Structure formats: C-alpha cells, structure tokens
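# Structural overview for review
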Amino acid sequence: MAGFVLGEFEHLRTPYKREVPVLQGSGKAGTYNAMSVDCPFVFFHNDRFYMMHIGFDGLGYRTALATSDNLVEWKREGVILDRGEDSSRWDYVGAAYSWVLLENNDLYELPRLKKVGGKYWMIYHAYPEFGYEAGGAKMGLAWCENESLLDWHRLDKPILSYENGGDWERGGLYKCCFVEFEGRYWMFYNAKDKTDWPWTEETGLAVSDDLLHWTRLPGGEPVMGVKAGTFYSQYVSDPHIRFDSRTSNWVNFGFGFDGGHAQGLLATSKDLTNWEIADEPWIPHGEPGEVDETHAHKSSVIYWKERFYHFYCACRPAKPGDASTVAEGEGEFRCIMLRTSSPLA
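In this text, all values refer to a predicted model and were calculated from it rather than measured experimentally.

### Here we look at the overall build of the chain
When helices and strands are counted, the chain shows 1 helix and 25 strands. Scaling as 2.2 N^0.38, a compact globule of 345 residues should have a C-alpha radius of gyration of about 20 Å, and the chain matches this with 18 Å. Counting over 345 residues, the chain shows a buried share of 58%. Of the contacts formed within the chain by residues at least 6 apart in sequence, a portion of 56% connects residues at least 24 apart. Per element, the accessible surface of the chain, about 13400 Å² overall, is 48% carbon and sulfur. Side-chain charges in the chain split into 34 positive and 50 negative, and the spacing between the mean points of these groups amounts to 4 Å.

Given below as structure tokens:
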C-alpha cells in the first residue's frame, strides 16, 4: 500500500499548512456559528469562490455561505438553511448541507454548480432532536433558483432514511456527496450502526435517476468500510469524491477515525463501486498545541492556478481566549483550516 500512497497519487499532496483558520465560530450567542464552524464545501460561482459550511449554535446545525476572491480571505454572506418555523417538520431542529450538484467531476476544473430544471439542487441532512447531532439524521433535498444562492427551498419529505437501510446504518445518516455519471446520480453517504457510543461509521452508496428516488446497491453493504488496526478502524466518513483525470481514477478525500483522532484519508476507484483506501492518513492530525491537534477531517479540495487548496475541519482542546468552543467536546475548538500543494505567497 505504500506504493499506492507515494507513487501514482503523490501529486495530490498538500503539505503546506496555513497556521490560522480561514473561518471559525463567533462566540456570540444567537449567531449560527456561536460555538463552531464545520464541513467546508468550496466551489466557483459568478466569478467568485464560495464556501458552503455549517455552524453549530448549541441547539443544532445551520448552513451558511462565505465568499472569497483568492481562497484565503473569506467573507460571510449569510445563513441559507436555517432552523424551521414549523415544529412538526422532520427537519425543524436545523439543516446541515451535504453537497450541491456540480457541472463536472474533474478535479482539475473549477467546480461550478449545475442547474436541473432551472434549479440548483442540494442534499442536506437533519437531526430530530436539539443538541449536537442528536438522534438519527435523514437526508433531504433543497433547491434554489436565485443566483445569489441565499434563497433555498426544502422539499417536504426526506429522500433517504436510515429506517429502511442496512444494519450498518441503523443509527442514522451523516454527510454525503453525490456525482452525476453515466446518466445517473451516485450518492455516497456515511452512517452509524447504532445510537449508543461507541459506534462504527462506514460509507455506502445509493443511486437515482431523478434526485428524488434513491436505491441502495444490491445487498446494501458499505462500499468503504472500517479495517481493524488502521487509522480508520472505527470510521470511514464524510466522502468528498472527484475524478482525477491525470490518473483516470475517482478519488475520495474522506476521513478515518481510530477512536482517538480523525484524520483525512485518500481512497481511489476505477468504477465508483470498488474502492481502495491508503493505509496511512492523507491529512494527519497535528502536533500538540496545533489547531488540528485532535482532528483533521471533513475535506473539500479545489484546484486553482496550478495549486491544490485542501480545506478541512480542525479540532483541538480549548484554550483560554478562544471565542468559541463546542460543548460536545468538553471544551473543543473547532474551525476550518487550509492546506496547499505549494506555499502561499
């Protein structure tokens, strides 16, 4: 497996770490990001870069947008999926985006949003109870016609639920990505096998012809699973899948977890169904005191001007002076960081 990591895919490395966050929580009660920000998704739209991300306010997740001209300095634009007004809805507590349909899959092209039926389409997930990822989440679908991307509308019912899934996903669904390939939509999502800790998270696959109706693969087993004795012995989560046209491989910048640290992983496939995961972490957690000391995970990768920009969520124990901390981590500082394939000027 060492040849897999150090050979054919070495060009995807991003060893240069920017030492300060590109986005972090506000620490201000009532804001969408009062306690943390998480899960970056970076794309190009209307001649600017956009970062869709989620914030945790102590009650649940809310989805927001930020914009940038250079992928380094970011300006917050506003919340796009907020807490609902109808407490009877399945997604009332909050909505965490997962992915938005893109025009292309090629890692070396700028990721641009694609309209189907005159609308942009987003898959999001929502938890049923107030708190940090409380209860089993389901997947929903939202759409937007406005080019500002600030006005999203949610369909009434979930499009994918853990309740009719396999044993490995009975605890609830998590973040997904979906790609359009060979006339179909392919949704990769991670899920947990039970609600009581410790649980296992693995990554499965469902397909659709219309974005509304999804079918799991025959047998419904994960396509990327955990492996004892590795850094992904407990989780294989948060897929971020693009096509590496230089090697003619699909690549997944997901993450693995071994019970102590979450670290970025690299998995590859020729056909989207059979995946191989590198044995070493692709984005390792940091040294003591670094902002990613505890976790380095939940990636979004973009290529621009001959350089890879690898955004990810970083976590470390809270320190005095931190504006925001996540209660779930008993004093955990969680933010969005950046690594690049060449030094920033």
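There's plenty left to go through after this.
### Observations regarding the sheet that holds strand β21 (residues 267-269)
Pairing within the open sheet is antiparallel, and its 4 strands lie in the order β17-β18-β21-β22. The open sheet has two edge strands, β17 (241-244) and β22 (275-277), and neither has a second partner. With direction set aside, neighbouring strand axes in the sheet form an average angle of 30°. Across 3 bridges, the pairing between strand β18 (residues 249-252) and β21 is antiparallel. Bridging from a neighbouring strand, W250 pairs with S269 of β21.

### Section: the nonpolar core
Judged by nonpolar contacts, the single largest core of 77 residues is most densely connected at M52, M122, W152, F188 and Y189. Counting 19 residues, the second largest nonpolar core, distinct from the first, contains L107, W282, V301 and F308.

### Quick word on the state of the cysteines
What makes a disulfide is a covalent bond joining the sulfur atoms belonging to two cysteines. The full count for this structure, using the stated rule, is 0 disulfides. The thiol of C177 is unpaired, and the distance to the nearest cysteine sulfur, on C176, comes to 6.7 Å. Considering cysteine sulfurs only, C313 is the nearest to C315, which forms no disulfide, with 4.1 Å between them. We classify C315 as buried; its relative accessible area is 0%.

### Some points on the sheet that holds strand β5 (residues 61-68)
Within a sheet, adjacent strands bond to each other through the backbone by hydrogen bonds, running parallel or antiparallel. Here we have 4 strands laid out as an open sheet, ordered β3-β4-β5-β6, and antiparallel in their pairing. Of all the strands in the sheet, the pair left with one neighbour each is β3 (36-45) and β6 (75-81). This sheet shows a mean twist of 25° between the axes of neighbouring strands, independent of strand direction. In this sheet, β5 lies alongside strand β4 (residues 48-56) in antiparallel orientation, the contact comprising 8 bridges. Within β5, the residue paired with M51 across the bridge is A66.

### Quick look at the pattern of salt bridges
Throughout the structure, instances matching the rule amount to 23 salt bridges. Note that D292 is salt-bridged to K17, the shortest N-O span being 3.0 Å. One end of the pair, D292, is in the loop between β22 and β23 (295-304); the other, K17, is in strand β1 (residues 16-17), and 275 residues separate them in sequence. Overall, the relative accessible area of 0% leaves D292 in the buried class. R170 is paired through a salt bridge with D167; the nearest N and O atoms lie 3.7 Å apart.

### Quick word on the environment of Y132
Mapped onto the secondary structure, Y132 falls in the loop between β9 (119-126) and β10 (138-144). It is 32 Å that separates the C-alpha atoms of Y132 and R48, two residues lying 84 residues apart in sequence. Side chain to side chain, Y132 and Y61 meet in a polar contact 3.4 Å long.

### Focus on unusual backbone geometry
In the segment running from W197 into P198, the intervening peptide bond is cis, with an omega of 0°. Along the polypeptide, P198 turns up in the loop between β13 (184-192) and β14 (201-208). The phi torsion at C39 lies on the positive side, around 55°, for a residue other than glycine. Position of C39 among the secondary structure elements: in strand β3. The phi dihedral of L211 is positive, around 75°, even though this residue is not glycine. Here L211 is to be found in the loop between β14 and β15 (215-216).

### With respect to the pairing of β6
Inspection of the sheet shows β5 paired to β6 by 5 bridges, in the antiparallel sense. Within β6, the residue paired with A64 across the bridge is V79. The turn joining β5 and β6, which pair antiparallel and follow one another in sequence, is formed by 6 residues; a positive phi near 70° is taken by L71.

What counts as what
- Residues numbered from 1 in each chain as written.
- Predicted model: local features only at pLDDT ≥ 70, side-chain atom pairs only at ≥ 80, totals over all residues.
- Heavy atoms only, no water.
- Helix = DSSP H or I, 4+ residues; strand = E, 2+ residues; numbered from the N terminus.
- Rg over C-alpha atoms; globule rule 2.2 N^0.38 Å.
- Buried < 20%, exposed > 50% of the residue type's maximum accessible area, 1.4 Å probe, protein only.
- Contact = heavy atoms within 4.5 Å.
- Areas by Shrake-Rupley, 256 points an atom, 1.4 Å probe, with all protein chains shown as cover.
- Lys, Arg positive; Asp, Glu negative; His and termini not counted.
- Charge placed at Lys NZ, Arg CZ, Asp CG, Glu CD.
- Pairing = 2+ DSSP bridges.
- Axes fitted to C-alpha atoms, helices over the stretch in contact; angles between N-to-C directions.
- Core = buried A, V, L, I, M, F, W, Y, C linked by side-chain atoms within 4.5 Å.
- Disulfide = S-S within 2.5 Å.
- Salt bridge = Lys/Arg side-chain N within 4 Å of Asp/Glu carboxyl O.
- Polar contact = N/O pair within 3.5 Å; in protein donor to acceptor, adjacent residues only side chain to side chain.

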